[in-house]
Amino acid sequence: MSVNELYSKYTRVWIPDPEDVWRAAEIIKDYTEGEPILYLKLEDETPLEYRIGPKDNALPFLRNPDILVGENDLTALSYLHEPAVLHNLKVRFTESNHIYTYCGIVLVAINPYEQLQIYGEEVINAYSGQNMGDMDPHIFAVAEEAYKQMARDERNQSIIVSGESGAGKTVSAKYAMRFFATVGGSANDTNVEEKVLASSPIMEAIGNAKTTRNDNSSRFGKYIQIGFDRSYHIIGANMRTYLLEKSRVVFQAEDERNYHIFYQLCASASLPEFKDLALTSAEDFIFTSQGENIFIEGVNDAEDFEKTREAFTLLGVNDSNQSSIFRIIASILHLGNVEICSERDGDSCHILKNDPHLAHFCQLLGVELEQMEHWLCHRKLVTTSETYVKNMSRKQAANARDALAKHIYAHMFDWIVEYVNKSLHTSSKQHSFIGVLDIYGFETFEINSFEQFCINYANEKLQQQFNQHVFKLEQEEYMKEQIPWTLIDFYDNQPCIDVIEAKLGILDLLDEECKVPKGTDQNWCQKLYDRLSSSVHFQKPRMSNTSFIVIHFADKVEYQCDGFLEKNRDTVYEEQINILKASKFQLMADLFQDTNKDSNISTSSSSKSSRVNVRASKPTPKVPNKEHRKTVGHQFRSSLQLLMETLNATTPHYVRCIKPNDEKEAFSFESRRAVQQLRACGVLETIRISAAGYPSRWTYPDFFNRYRVLMKKSDMTVGDKKLVCRNLLETLVKDPDKFQFGKTKIFFRAGQVAYLEKLRADKFRSACIKIQKTVRGWLQRVRYQKIRKSAINLQRYGRGYMARRYAEQLRLTRAALTFQKQYRMVRERRDYLKVRQAVVTIQAFTRGMLTRRIFQEFLLHHKAMIIQKHVRGWLTRRKFRRARNAAITIQCAYRRMRAKRELKQLKIEARSAQHLKKLNTGMENKIVQLQRKMDDQTNDLKTQNEQLVVAKASLGSEVNKLQKELEMMRSRQGDGSQLTSLQDELEKLRAELQEAHTHMKKLEEKHSNEKMGLEQRVEELDRENSMLKSEKEEMNRRILHHSKSTEDQESSASQSVGRVQAELDEERLRYQNLLREFSRLEQRYDNLQEAKFQPGHKRNNSTQSSLESDSNYPSISTSELGDTDDAIQLVEEMGVEKAAMDIGVFMKLQKRVRELEQERKRLQVNLEKMEDQVNCKGIEPKTTSEQESEDLAYNSLKRQELESENKKLKNDLNELRKAIADRASQNSSSNELQDGYNLLLGQLKAANEELEVRKEEVLILRTQIVSAAHQKEETTNQIETNNVPEWTNSKKPIDKEEAVRAYHGLCESKKLLEAQLQSQARKHEDELAAFNTQIELLKDDIEKKQEMLNHTMSLSPEAQVEYSVQQEITRLTNDNLDLKELVEKLEKNERKLKKQLRIYMKKVPDMEVSLTAASSQPTKAKPQLTRQVTVQRREKDFEGMLEYYKEDEALLVKTLITDMKPNAVSATVPCLPAYILFMCIRHADYINDDQKVHSLLTSTINAIKKVLKKNNNDFEMTSFWLANTSRLLHCLKQYSGDEVFMTQNTAKQNEHCLKNFDLAEYRQVLSDLSIQIYQQLIKVAEHMMQPMIVSAMLESESIPSLAGVKPMGYRNRSSSMDGEGPGSYTLEALIRQLGQFHSVMGEHGLDPEIAGQVIRQLFYSINALTLNNLLLRKDVCSWSTGMQLRYNISQMEEWLRGKNLHQSGAVVNIEPVIQAAQLLQVKKKTSQDAEAICSLCTSLTMQQIVKILNLYTPLNEFEERVTVSFIRNIQNRLQDRNDVPMLLVDTKHTFPVLFPYTPSALSLETLHIPANLSLDFLTRV
């Protein structure tokens, strides 16, 4: 958009203001680019002329639309600049009371100076597991993002909290650590997280103090590393501190305090354990009373001291160490009160005798009083030869005393930090950590010293790291979305850092000056002026020589040099330290045992004094080591460098704390203070970097939903939303640089979203105007018709009267006008004639005089011009002749000289071949171009000729047609006029044809002329080309030489490719060896399986497949049936090309064919034996039972069914094979794939043909068996008619039994064939899917290679070779990695098979023993069922009990509980396992076996617990066992014999009651177990529903086109492209999930009352999660969301009514969400609306209502925000409520469960046990 469009009338802008920094205004006149003045109107209607200049004032910043004001991410603003950021923060802070706001990756936290209820555990639970953009900004969101990235990316994290004093850094860091302690609690009972939190009050006590800006200001920097294990539980922590402000121990400014621990100890001095400290009020000590105010409003030092002591205890600091710490603190206070008196000479001093404070100091620290008194007033000077003891002045002694106090406190501080770290240290291995950096922000005061310099230096380093990280994230975002990346210029403060830390920088010069014996601050300052004056970041003040200015990234800071050297040296006298070392107090001695390593001892010599005691030098003084010489600046720089390395090795997260005002007023915002901090903390730099690129980003679905009103109806029909968005933007925004299309997002320049919002608002406004226009027009028409009908009658009478009056008036007027006209005409004509005569006379005389004058003047001028013409001509000709002669002479000489030079040069050039080459450069190209041009013109001529011929033919046909029509019309009508028109038309067509011929001739002539000219030109060029052949050959020789060098490079590349190919071949060989080993092990495993299952009749195992046969005929084991699936999986992993050459997949089919062949032979032998027996023995008597005839009938029916299914499968198989062949032939992209497929198909075809042959042979055998059976029946009939008794003792039944077995074997073979066909069909389907997948992969590969080829062709030859080598190496590397993965899988599978092999090898001896025992005792083997048929035969004496042997109890529990699957008993009576278990308990009670009852119930309960523990996330299994457990409990109650439970029993059920045992205790255990299972069921259901609730209730668009989308910033919500990814769920999905839960519970027979309680609890979870997200997300608090939410709730209520659950109390649980939805929809303006809201929202607390009103956000400009006065009105009305002060709903609340007694109407004697449960060992009693 142009400037004129942007700065038009009614546009709102920001202008600078001296008080408020920025002020809003509105343009009242359109601005044209270049005008010097912009006419504005302020918010108070005051006009303003704003001057515009290229240097002074640029155009003012534009304001964002009202819809974007209050956004929770500053990068979502369309116009990104300082006033927009400041205004958005102010609106959120003052109006909505939101203290957190995102600014890209930065969380801006404004100190509210008020306790807010937004840090509770329920808030932590709400933010835990959420994405950072899904919830409102919060410190917990940043902490959760760090925790999540640590777990996801396996990378350490850091949270950098910065800001000036009083901004809330310490509190923010504390809440972040609280979040980690809650979310990542320790896995064991070490309570590490409590220790981490306990460190905060300790560090606040010893390191925080009251300042003028903050009551709890941290006077040190700290970096806390919280360690986590591999399960991401806290295992420990570590703390590093930086630059403790030691000067505060001895000095405090006005209205400031010392460290809190001093005042806390003084406030608790009256306690008995502190009597010996001799402490009084803090006002009595100098070190605590300099600020003149020892109290902090709202703080109780005594209570805080108790918290500090509790924290010490929790961290393991015993009472002895605590007492020692408090003694040291008290001694420091007493040391400050030691009074030093000056002597008269002023050069020495002394301490008063019996000074009580000195005595207390020495007593508390356990040092000698005399020595301390002496060395506080004296010092020792050591030289190489002598040692001096020198007196000190009073000032020097006071400084030494203060230095000692600071030194003691600093050592104590370090000791406490070290002890805290030891307490937090763990022996477990740390997997990762999250660091929380709480460090001072940028500081500038009236007087800035060494501390401020170090603080600002640290902030410079942090700001540099911050800028680089922001820039890196922006670059990664653009590269991820494939947006063209252009380098953004961002501020780099490295020059300023170099001024501070580089060689000969400020710190280097400071350390150098500290080494000088007599170094002073003034000398050091002068060195700074000399060395750094050339730097742009260093300045010298104009009015001072003892200060310097550093230009930091945030502001200019002037530092006073006084005290820099002393603070950098941090010296303390050695004699005083030695006294402390000799302390009787162990802790004090430990503090200073390594003092030489930590501090500098003053050993410098000084000038001679009047009073000097000279001593002989005893031992030679120690040479100070390297550590000894380290200064404070050097130490700080080293620790800061270590910190930066740590931060750079982690992923940083930034929290910028802002102090809104200096008066500490709650929710008061001063713009000037806020802007200073925003500039200092880098927020505006983030905004600048974002604004330089594409700050506004929309996902395609969000953009589509927001701006689809701007689309056309035809665009809405297009399915691709990306294409629709692209077309819309290209239409609306003409400048393509204003937006970019990424993979998942659209990127916009600054201001484009505002422009789109304006277009959208205009569209809505025009629509509203059209609606209003139509409605108002209709109303006015109705009103007009009423008025018109009433007025017509009045008008009719009134017009008649008025017409008559008007006619009379017209007659009178016309008569009067006639008289007036005649009279006026005569009068005016007379006057006119008189005037005309006079004027004509005057004009005649005047014109004659003027004409004569003009003629005379013209005559004189003409004469003068003639004279001038001749004179000027003569002069010019003379001058020209002179100049020409001179020029000719010069030109001749110069041209002669140039001609000689050119002749010489031409002679030289004529002899060189280069000249010819230049002359003929490009001739070949010109020839080719001319030939191409000639060919093109020839083709054009041919085309035009063809077109002319076609046109001529069409015109001729048209003429003939018209002639025929003309003749027809003549014959029919004879109309002359029509004939004339047709003739005219015919003439026109002829004329056009003639013109076409003429045009064609002209074109032919033109083409022939051009062709002749081109031919001549080509001949000339050919001649010239022959002259260039020699040069061309020379160039070819050079090219050949260059190509040889290129071939050498290619040969080296090919060698590297060969090496990689050799490695690949080795990997393939290794894979083939592994494959052979795998096949060998697999065959051995199959052999073991065949050896395991010997022929014979025995009971099937319940886990064995029904396809395994236990008859005398061989069958295929389950392992062999699974080989096909394994082979298919192997094909998918290896790829079709490699698997095509491996025939191991088809070896199994051939093996099956061989087994079928063996089976056929056995059947043939049995058939021949049967025929021989029939021929030899004759007729068999009828001994076949009725059961055998039923089996034969059943088998015949089953056989017919299998034959039909086999035919169908055969047809399907053939069709599938044809489809695969067709697709493979169509989609194959390489010959290798086609050959592999043909090989596979051929092998499969051969196997199938062999299988068909075997099947035909089996059918022939079946026919022979049937015919033999018919013959047997005929012989049986003959025997019955003859009644021959001899046949009764024959052996014919044995033969018949063998025939029946043969027939059953045939049936089993049919089943095997059916299974084989099904497996082959599945295999073909899998092969088809694999081929399709391979085809898609090959297509993608071809596309990628095509892109690579295009890219390669655009490169130079050298680059092409290098690029191809790199691509080949990459491809081979990927192939190598794939092969390695495949080898690893095969090795894993091999290990698994070896393990199974070892297990089976161990079982082989046991199986041999069992088989031997089974063969020796054949009569004890239980009968084997050949077919699972449930024969429902009711026993007459069945009493509803089941008997089992004691040794079968484990099998019973395993079958009914451990291995039970819910679908195994889905078609039987619900809760069947419970009934069976109770029937077993009844039998144990019946036989009075108490051990059996106890064992069975205990095993049952333990097995149920194990199953639930194993399937702790399976809702179906948990529901199944909840139903069975409750049913078993009900059975124990129903049949207990208690009259209370027998009221609904039948007489038969009363007979079945327990006789001997009272199982009340077991009923209680089962009741507790049921409650436990119920809680697990609720937990599993909530876990499954939790990711669905928020998306379904708040985000899914249940009502299409209703929800609006607002612009999102950097932290946009994560959603898939089409909004249907794995993270987005619809309401239908949620209701479907609820329906699934309800149906599963119903199928399992769970009591309806319990199911209702489950649904009630789930609805409470839905309400809690929905309401909590609504209260923490601003983007969903809108009118449209309320409408969607209300619709969703109505759908859920409808589902409850449909399931008859509306009486379960579930609706009551979602009442708060219903009221929240209504609150979003009602009006919010007047006091009546406030009263209605208060009466409506009875289930919401006052905090929840106010929070929703504050979060309410209009989605377009037609809605209005809720005013602050309205919210205050609501608060006043709700003051009388006695609500619990709760904002969020407790999501972990669980309603108490009640299990009502529900007796069963089922009679136990009627219960049938299905055969598939394999409970044959149970006996019905």
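Residues numbered from 1 in each chain as written. Predicted model: local features only at pLDDT ≥ 70, side-chain atom pairs only at ≥ 80, totals over all residues. Heavy atoms only, no water.

Participant: Can you lay out the overall build of the protein for me, pointing to particular residues and giving the numbers?
Facilitator: When helices and strands are counted, the protein shows 54 helices and 29 strands. When each of the 1821 residues of the protein is scored for burial, the buried share is 44%. Carbon together with sulfur atoms contributes 52% to the accessible area of the protein, which is approximately 99,500 Å² in total. (Helix = DSSP H or I, 4+ residues; strand = E, 2+ residues; numbered from the N terminus. Buried < 20%, exposed > 50% of the residue type's maximum accessible area, 1.4 Å probe, protein only. Areas by Shrake-Rupley, 256 points an atom, 1.4 Å probe, with all protein chains shown as cover.)

Participant: Any details on the sheet that holds strand 27 (residues 745-748)? Residues and values, ideally.
Facilitator: Strand order in the open sheet formed by three strands is 25-27-26, with antiparallel pairing between adjacent strands. Every interior strand has two partners, whereas the edge strands, strand 25 (696-699) and strand 26 (739-741), have only one. Adjacent strand axes in the sheet meet at a mean angle of 20°, parallel and antiparallel pairs treated alike. In terms of strand pairing, strand 26 meets strand 27 through three bridges, oriented antiparallel. When the sheet's bridge partners are listed, Phe739 is paired in strand 27 with Phe748. (Pairing = 2+ DSSP bridges. Axes fitted to C-alpha atoms, helices over the stretch in contact; angles between N-to-C directions.)

Participant: For empty space enclosed by the protein, give the residues involved together with the corresponding values.
Facilitator: Applying the stated criterion to the full structure yields 16 cavities of 30 Å³ or more. Here the largest cavity defines a volume of roughly 90 Å³. Lining of the largest cavity is provided by Ser218, Arg219, Phe220, Leu243, Leu244, Glu245, Tyr440, Glu443, Glu451, Gln452 and Ile455. Of all the elements, helix 14 (residues 450-480) adds the most residues to the lining of the largest cavity, at three residues. Residues belonging to the lining of the largest cavity are distributed by class as follows: five nonpolar, two polar and four charged. Taken as a whole, the second largest cavity spans an internal volume of roughly 70 Å³. Trp14, Arg63, Asn64, Val69, Leu77, Ala84, His87 and Asn88 together form the lining of the second largest cavity. Residue composition of the lining of the second largest cavity, by class: four nonpolar, three polar and one charged. (1 Å grid on protein atoms, 1.4 Å probe; cavity = no way out; pocket = protein on both sides within 12 Å on 5 of 7 lines; lining within 4 Å. Points joined across faces, edges and corners; volume = space filled by probe spheres on them. Nonpolar A, V, L, I, M, F, W, Y, C, P; charged D, E, K, R; others polar.)

Participant: Give a description of the nonpolar core that names residues and reports values.
Facilitator: Counting residues in each nonpolar core, the largest one holds 319 residues, and the members touching the most others are Phe180, Ile506 and Phe548. The next biggest cluster of nonpolar side chains, apart from the first, holds 20 residues, and it includes Phe703, Leu728, Val753 and Tyr755. (Core = buried A, V, L, I, M, F, W, Y, C linked by side-chain atoms within 4.5 Å.)

Participant: An account of the side chain of Ser331 is needed here, citing residue identities and associated values.
Facilitator: With respect to the helices and strands, the residue Ser331 is situated in helix 10 (residues 319-336). Note on Ser331: relative accessible area 0%, which makes it buried. Those residues in contact with Ser331 that sit more than four places away from it in its chain are Phe361, Leu364 and Leu365. (Contact = heavy atoms within 4.5 Å.)

Participant: Quick one: what's the story with the pattern of salt bridges, residue by residue and with numbers?
Facilitator: A full pass over the atoms with the stated rule returns 36 salt bridges. For Glu451, the salt bridge goes to Lys567, with nearest N and O atoms at 3.1 Å. Pair noted here: Glu451 is in helix 14 and Lys567 is in helix 18 (residues 564-569), with a separation of 116 residues, a long-range link. We classify Glu451 as buried; its relative accessible area is 16%. According to the relative accessible area criterion, Lys567 is partly exposed, its value standing at 29%. The salt bridge involving Arg1527 is made with Asp1647; its shortest N-O contact spans 3.7 Å. Of this pair, Arg1527 sits in helix 44 (residues 1515-1534) while Asp1647 sits in the loop between helix 47 (1627-1643) and helix 48 (1648-1672), placing them 120 residues apart in sequence. Residues joined in a network through salt bridges with shared partners are Glu164, Lys659, Asp662 and Arg673. (Salt bridge = Lys/Arg side-chain N within 4 Å of Asp/Glu carboxyl O.)

Participant: Go over the side chain of Glu1449, please, and point to the residues and values.
Facilitator: For Glu1449, the location among the structural elements is in helix 41 (residues 1449-1458). Apart from the residues lying within four places of it in its own chain, the contact partners of Glu1449 are Tyr1444, Lys1492, Ser1495, Leu1496 and Ser1499.

Participant: Before we move on, can you summarise the sheet that holds strand 5 (residues 61-62) with the specific residues and values?
Facilitator: Strand order across the open sheet formed by five strands is 4-3-2-1-5, with antiparallel pairing between neighbours. Every interior strand has two partners, whereas the edge strands, strand 4 (47-51) and strand 5, have only one. Note: strand 1 (residues 12-17) against strand 2 (residues 21-27), six bridges, orientation antiparallel. By the bridge assignment for strand 2, Arg12 is matched with Glu26. Where helix 2 (residues 82-95) meets the sheet, its contacts fall on strand 1, strand 2 and strand 5, and the angle it forms with strand 2 comes to roughly 100°.

Participant: Outline a positive patch on the surface, supporting the account with residue identities and numerical values.
Facilitator: Together, Arg877, Arg878, Arg881, Arg882 and Arg884 make up a positively charged patch on the protein surface. The topology assignment puts Arg877 in helix 28 (residues 752-910). (Patch = residues over 30% accessible without salt bridge, like charges linked within 9 Å, V, L, I, M, F, W, Y side chains within 5 Å. Lys, Arg positive; Asp, Glu negative; His and termini not counted. Charge placed at Lys NZ, Arg CZ, Asp CG, Glu CD.)

Participant: With reference to specific residues and values, describe unusual backbone geometry.
Facilitator: The phi angle at Phe667 is positive, at roughly 50°, despite the residue not being glycine. Tracing the chain through its elements places Phe667 in the loop between strand 24 (651-658) and helix 23 (671-681). Even without glycine at this site, Ser1814 takes up a positive phi of about 60°. Mapped onto the elements of the fold, Ser1814 is located in the loop between helix 54 (1764-1773) and strand 29 (1819-1820). Assessed through its relative accessible area of 14%, Ser1814 is described here as buried.

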